[in-house]
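Below, each chain spelled out in residue letters.
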Amino acid sequence: MRSILYKDFVAERTVLLIYTAGVILFALQVVPIFDPLALASCLAIFFTFTTASHEEMNNGHILINSLPVNRKDVVTAKYAFHLAVGAGFIGLDVLLETVTGAWSPDLGWQIAIAVIGIVWFASVFFPLYFWLGHRFVQIAMIILFIMMVGVVPIVFNLAAKHDYWGILDAVQTLPNSLLLGLGAAVTAIVFVVSGFLSVRLYERKEF
Amino acid sequence: MEDVVVLDQVSKSYKGFKLDRVSFSLKKGFIHGLIGRNGAGKTTTIKLMMDLIRPDEGSIRIFGLDNRRHGKEIRQRIGFVYADNHFYDDLTVENMKRVVARFYTDWDEEAFRRYLTLFDLPANKKIKHLSKGMRMKFSIALALSHHADLIIMDEPTSGLDPVVRREILELLSEVIQDENKTVLFSTHITSDLEQVADTVTFIHDGKIRFSLPKDELLERYTLVKGGTDLLDPDTREPFVGLRETPVGFEGLSDDPKRVYALFGERVIYEKPTLEDIMVYTIKFGENRGGNQSAEHPL
C-alpha cells in the first residue's frame, strides 16, 4: 500500500502544494476568513475531488490495476491518502493559528468537528465514486461548489436568525464527552461500512 | 512445452459485442501474435488476462495460477504495454519510473537506464511532451526493466513510424533470446508479426479463428489466382475467402490438396501473407459460399 500512497503523492504533489499554500494563506489571515479551520477541511475535500478527477483523466485506474496490487489495497490507499491530507491540513492550520496567537477557546471542538467532517466526507464520497466513477465526480463537484457558494451561507444565516430552531440548545444540554463519544462512534461505524462497501464496489469494477 | 497462459472457454459480453468461448494457450519462450481487426476482441482478451475486466464464464490461468485469485502475484511477473497512454501526463519520465519501480520487487535500475539510452528517452521530459513513439518506448522500457516472465503488448506498434516499429520489433527479438520469457503481441499490422512471431492467434468477431505456429499457418493456407470461368458451387467450396473481379478471382483456401485436385495447373498458387489470411477471412469470407465459419482446431 505504501507504493500506492507514494504514487498518489508524486502524481498529486503540485496540486497538494497549491492547496497547502491556500491553507497557509487562510490560517495566517493573509486572506481574511471567518473560520480558517473549516476552510482547511473544505480544501481537503476539494483536494480529494481534484485527485479523483485527475485520476480519471489519466486513466489512472488502468495503470494501478495493471501493477502488482490488490484492489482492496487501492481502495484502502485512497481512504488513507484523503485522511492523511485532511489531517495534514488541519494540523497545519492549528499550528499556524497557535503560532500567530489566533487560538480559539473552543479549538478542541473545532478540530473534532473538522476531523469528523473529513471522515464523513470520505465515507460518502468514495463508495459513490467507485460506483459511479467520473460522472459522479463531475456532477458532485458542481453541486458542491453551488452548495458552498450559494446554499450553505443562506442556510447558515437562516439557522442563525432562528436560533438554530432550538437544536443547538438541545445538543448543548448533553455532556461534551457523551456528544463526542456518540459522534465518534457513529462516524467510526459509517467509515467502516463505507470502506467495506467501497472495496466490494471496486472489486467489481471493470476498466 | 510449458503453458504460461491458458484461456479456457472464456466469454465476455458487452452491448453489441461478445467474446465467445475463447480458448488458446501461450507457450513459454515464444512470441505469440494476436491478430484481428479493430474491435475484434484483442484488447478485451488482454484486459481479461490482466484482470482489468472479469469474464462472464471460463477460466484464465497464468503461470499455472488463477488470474483472479492470484492477480497481484501474477502481475509481479508481467510487463505490460498498452496502446493508449496510461501514465500521468504531468510527470516526467524519471518520476513516472520512480512511481512504477516501487511496485516491483525485482526492479532493475541498470536495465532501465540501458533502455533509456537505447531509446534516447529524455529522463526529465514530461510524459505529455513525449511523442507517441517515445511514450511507447518508455512503456516498453518499464515493461522490460523488472525481469518480467510474460510481456503483454497491446498494439505497441500502432501509429508508429516504420523506424520506431522496426526498433521495437528488434528489441522483442532480443528479449525472446531468453527462453524463459514469453511475449504476447497484439496488433492489426500483420507484417510486424511476420517478422517476429512464432505463433499466431487470429480473432474475429469475438471468436478465435485459429491459433497456430506461424510456419504451420503459412503452410496450411494457399492463395489461388485464376479465371472466373473456373468457379462453380463445387470449386468455391474449399475457399475461406474469395475475391472476384471481371478478369478473374483470387481465393484463400485452407485445404491446398483439395484445391490442387480441383484446379490442377489451371491456376496460380501463392504463399499467402498473414495480411492475406486476415483480409480474405474477414472481407471476402462471405463470397465463397461454403464453410465460412469453420474454425481450425486449437
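Residues numbered from 1 in each chain as written. Chains lettered and ligands numbered in written order. Predicted model: local features only at pLDDT ≥ 70, side-chain atom pairs only at ≥ 80, totals over all residues.

**Side note on the overall build of chain B**
Then comes step 1: Across its full length, chain B holds 11 helices and 14 strands.
Then comes step 2: Principal axes of the C-alpha set define a box for chain B whose edges measure 65 × 40 × 35 Å.
Then comes step 3: Counting the 298 residues in chain B, one finds 42% classified as buried.
Then comes step 4: Counted over contacts in chain B with a minimum sequence separation of 6, partners at least 24 positions apart contribute 71%. (Helix = DSSP H or I, 4+ residues; strand = E, 2+ residues; numbered from the N terminus. Buried ≥ 20, exposed ≤ 12 C-beta atoms within 10 Å, placed from the backbone. Contact = placed C-beta atoms within 7 Å.)

**A short note on the overall build of chain A**
Then comes step 1: Per the secondary structure count, chain A includes 8 helices and 0 strands.
Then comes step 2: Over its C-alpha atoms, taken along the principal directions, chain A stretches across nearly 55 × 35 × 30 Å.
Then comes step 3: Once local pairs closer than 6 in sequence are excluded, the contacts in chain A between residues at least 24 apart make up 83%.

**Points about the environment of K181(B)**
Residue and element names in this part refer to chain B.
Then comes step 1: Considering the arrangement of structural elements, one finds K181 in the loop between α6 (162–175) and β8 (182–187).
Then comes step 2: On the basis of neighbour counts, which here come to 21 C-beta atoms within 10 Å, the residue K181 falls in the buried class.
Then comes step 3: Note: C-alpha distance between K181 and D51 (130 residues apart in sequence) is 20 Å.
Then comes step 4: Contact partners of K181, with chain neighbours within four places excluded, come to D149, I151, V175 and I176.

**Describing the interface of chain A and chain B**
Then comes step 1: Chain A puts 18 residues into the contact, and the matching count from chain B is 22 residues.
Then comes step 2: Of all the secondary-structure elements, those providing two or more residues to the side of chain A that touches chain B are α1 (2–27) and α3 (60–66) of chain A.
Then comes step 3: Partitioning the side of chain A that touches chain B into residue classes produces 9 nonpolar, 7 polar and 2 charged. (Nonpolar A, V, L, I, M, F, W, Y, C, P; charged D, E, K, R; others polar.)

**Focus: the nonpolar core**
Grouped burial of nonpolar side chains is what soluble globular proteins tend to show.
Then comes step 1: Counting residues in each nonpolar core, the largest one holds 114 residues, and the members touching the most others are A40(A), L43(A), I152(B) and F185(B).
Then comes step 2: For this core, the domains that each give at least three residues are domain 1 (3–214) and domain 2 (221–287) of chain B.
Then comes step 3: Excluding residues within four positions of it along the chain, F185(B) makes contact with I31(B), H32(B), G33(B), L34(B), M153(B), P156(B), L172(B), L193(B) and A197(B). (Core = buried A, V, L, I, M, F, W, Y, C linked by C-beta atoms within 7 Å. Domains from an automatic or database assignment.)

**Re the pairing of strand β10 (residues 207–213) of chain B**
Then comes step 1: By the criterion of burial, β10(B) is predominantly enclosed, with 5 of the 7 residues buried.
Then comes step 2: Linking strand β9 (residues 199–204) of chain B back to β10(B) in an antiparallel pair, the connection comprises 2 residues, with D205(B) at a positive phi of about 50°. (Pairing = 2+ DSSP bridges.)

**Looking at the environment of T43(B)**
Residues and elements named next belong to chain B.
Then comes step 1: Looking at the element boundaries, T43 is found in helix α1 (residues 42–49).
Then comes step 2: Its 20 C-beta neighbours within 10 Å are what place T43 among the buried residues.
Then comes step 3: When the C-alpha positions of T43 and E244 are compared, they lie 33 Å apart, and in sequence the two are 201 residues distant.

**A short note on the packing of helix α4 (residues 109–119) of chain B against helix α5 (residues 132–144) of chain B**
Residues and elements named next belong to chain B.
Then comes step 1: Running from N to C, α4 and α5 point in directions that differ by 155°, and their axes come no closer than 9 Å. Taken together, the axes of α4 and α5 are roughly antiparallel relative to one another. Taken as a pair, α4 and α5 cross one another with a handedness that is right-handed. In contact with A111, F112, Y115, L116 and F119 of α4, α5 contributes K137, A141 and L144.
Then comes step 2: Taken together, the residues that form the contact of α4 with α5 break down as 7 nonpolar, no polar and 1 charged. (Axes fitted to C-alpha atoms, helices over the stretch in contact; angles between N-to-C directions. Parallel < 35°, antiparallel > 145°, perpendicular 65-115°, else oblique. Left-handed = near helix turned anticlockwise from the far one by under 90°.)

**Concerning the domain arrangement of chain B**
All names here are of chain B.
Then comes step 1: According to the domain assignment, chain B contains domain 1 (3–214) and domain 2 (221–287).
Then comes step 2: One C-alpha centre belongs to domain 1, the other to domain 2, and the line joining them spans 34 Å.
Then comes step 3: Contacts between the two partners involve 10 residues from domain 1 and, on the opposite side, 6 residues from domain 2.
Then comes step 4: Secondary-structure elements contributing two or more residues to the side of domain 1 that touches domain 2 are α7 (190–196) and β9.
Then comes step 5: Counting residues per element, the side of domain 1 that touches domain 2 draws most heavily on α7, at 4 residues.
Then comes step 6: Tallied by class, the residues present in the side of domain 1 that touches domain 2 amount to 4 nonpolar, 3 polar and 3 charged.

**Thoughts on unusual backbone geometry**
Residue and element names in this part refer to chain A.
Then comes step 1: With phi around 55°, N59 is a residue other than glycine that occupies positive phi space.
Then comes step 2: Here N59 lies in the loop between α2 (36–57) and α3.
Then comes step 3: Among the residues examined, N59 registers 16 C-beta atoms within 10 Å and is labelled partly exposed.
Then comes step 4: Unlike most non-glycine residues, W165 shows phi in positive territory, near 50°.

**What about the pairing of strand β13 (residues 248–253) of chain B?**
Then comes step 1: In terms of residue burial, β13(B) counts as a mostly covered element, since 5 of its 6 residues are buried.
Then comes step 2: Linking strand β12 (residues 239–245) of chain B to β13(B), which pair antiparallel, is a turn of 2 residues.

**Focus on the sheet that holds strand β1 (residues 3–14) of chain B**
Residue and element names in this part refer to chain B.
Then comes step 1: In spatial order, the strands read β2-β1-β4-β5; together these 4 strands make up an open sheet with antiparallel pairing. Across the chains shown, the open sheet's two edge strands, defined by having one partner strand only, are β2 (17–27) and β5 (65–66).
Then comes step 2: In the sheet, β1 pairs with β2 via 8 bridges, with the strands oriented antiparallel. From the neighbouring strand, V6 faces β2, where its bridge partner is S25.
Then comes step 3: Set on the sheet, α1 makes contact with β1, β2 and β4 (57–62); between it and β1 the angle comes to about 120°.

**Structural notes on the sheet that holds β9(B)**
All names here are of chain B.
Then comes step 1: Spatial strand order, β6-β7-β8-β3-β9-β10: 6 strands in an open sheet with mixed pairing. Only two strands of the sheet have a single neighbouring strand rather than two, namely β6 (78–81) and β10. Neighbour to neighbour, the strand axes of the sheet diverge by 15° on average, direction disregarded.
Then comes step 2: Along the sheet face, α5 touches β6 and β7 (150–154) and points at about 175° away from the line of β6.

**So, the packing of α1(A) against α2(A)**
Residue and element names in this part refer to chain A.
Then comes step 1: Running from N to C, α1 and α2 cross one another at 160°; their axes reach a closest spacing of 10 Å. Here α2 runs roughly antiparallel to α1, going by the angle between their axes. Note that α1 runs across α2; the crossing there is right-handed. Of the residues in α2, those in contact with D8, E12, V15, L16, Y19, G22, V23, F26 and A27 of α1 are P36, L39, A40, L43, F47, T50, T51 and H54.
Then comes step 2: The residue makeup of the contact of α1 with α2, split by class, is 11 nonpolar, 4 polar and 2 charged.

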